[in-house]
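# Summary of structural features
Listed below, chain by chain, are the residues.
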Amino acid sequence: MDEKMMLNPIPPGKILLREELQARVAGIEELRNISFYSPAFQIWRQETEDMLVRVFGADSSPVEDFQAILFTPLFLSCRCGDTVFTEAYEKGLEEAGALLASLF
């Protein structure tokens, strides 16, 4: 076996993907302190989806799974308080982190 292959068994493209996914997951911690409506969250969400589309394809399971994550409550009623939004946002961030971590 080539000595170079033994030192770096992971192809360069895979390393970049792993680093990009890790950066997306790391960014979630900063998102916990802001709102779903924050431009920073919206940018993170769009850039993450764009990256998944670029790497896995628009019709792939990772993209569909990411798009299916709810960051706001599914149902609203007049009895819902602000905590319902906070809880849904936190749960969505957790799901996104778990999904992204499962890809690397």
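Predicted, not measured: the structure shown is a model, and the values here were computed from it.

## Comments concerning the overall build of the protein chain
- Within the protein chain one finds 5 helices and 0 strands.
- Ordering the α and β elements of the protein chain from the N terminus gives α-α-α-α-α.
- Counting only residues that meet the buried cut, the protein chain has 28% of its 104 residues in that class.
- For the protein chain, contacts bridging at least 24 residues in sequence account for 60% of all contacts bridging at least 6.

## Looking at the side chain of S60
- For S60, the location among the structural elements is in the loop between α3 (39–56) and α4 (61–67).
- There is a polar contact of 2.8 Å between the side chain of S60 and the backbone oxygen of G57.

## With respect to the side chain of R24
- The residue R24 is located in helix α2 (residues 12–31) in this model.
- Excluding its chain neighbours within four sequence positions, the residues that come into contact with R24 are W44, E47, T48, M51 and L100.

## Things to note about the confidence of the model for the protein chain
- In the predicted model, the protein chain carries a mean pLDDT of 85, and 78% of its residues have values of at least 70.
- The spread of mean pLDDT over the elements of the protein chain runs between helix α1 (residues 3–7), the lowest at 46, and α4, the highest at 97.
- In this model, residues 1–6 is a region of pLDDT below 50 whose contacts with residues beyond four sequence positions or in other chains number 1 contact.

## Structural notes on the nonpolar core
- In terms of nonpolar packing, the biggest core is built from 18 residues, with F41, W44 and F71 touching the most fellow members.
- Those elements that place two or more of their residues in this core are α2, α3, α4 and α5 (82–102).
- Among the elements that line this core, the one with the most residues is α5, at 5 residues.
- Excluding its chain neighbours within four sequence positions, the residues that come into contact with F41 are L31, I34, S35, F36, F71, Y89 and L93.

## Some words on the packing of aromatic side chains
- Considering all chains together, one arrives at 6 aromatic pairs under this definition.
- Taking 5.3 Å as the distance between ring centres and 45° as the angle between the ring planes, the aromatic pair formed by F36 and F41 counts as tilted. Accessibility assignment for this pair places F36 and F41 in one class, buried.
- An aromatic cluster of three or more residues is present, and its members are F36, Y37, F41, W44, F66, F71 and Y89.

## Thoughts on the environment of A101
- Its place among the elements puts A101 in helix α5.
- For A101, a relative accessible area of 33% puts it in the partly exposed group.
- For the pair formed by A101 and R24, sequence separation is 77 residues and the distance between their alpha carbons is 9.2 Å.

## Remarks on α3
- An ideal rise of 1.5 Å per residue puts 26 Å on 18 residues; α3 measures up with 25 Å between its terminal C-alpha atoms.
- Among the residues of α3, the N-terminal cap falls to S38, whose side-chain oxygen and the backbone nitrogen of A40 are separated by 3.2 Å.
- Directly beyond the C-terminal end of α3, a positive phi value near 100° is found at G57.

Definitions and cut-offs
Residues numbered from 1 in each chain as written. Predicted model: local features only at pLDDT ≥ 70, side-chain atom pairs only at ≥ 80, totals over all residues. Heavy atoms only, no water. Helix = DSSP H or I, 4+ residues; strand = E, 2+ residues; numbered from the N terminus. Buried < 20%, exposed > 50% of the residue type's maximum accessible area, 1.4 Å probe, protein only. Contact = heavy atoms within 4.5 Å. Polar contact = N/O pair within 3.5 Å; in protein donor to acceptor, adjacent residues only side chain to side chain. pLDDT = per-residue confidence, 0-100. Core = buried A, V, L, I, M, F, W, Y, C linked by side-chain atoms within 4.5 Å. Phe/Tyr/Trp six-rings, centres within 6.5 Å; stacked < 30°, edge-to-face > 60°. Expected span 1.5 Å × (residues − 1).

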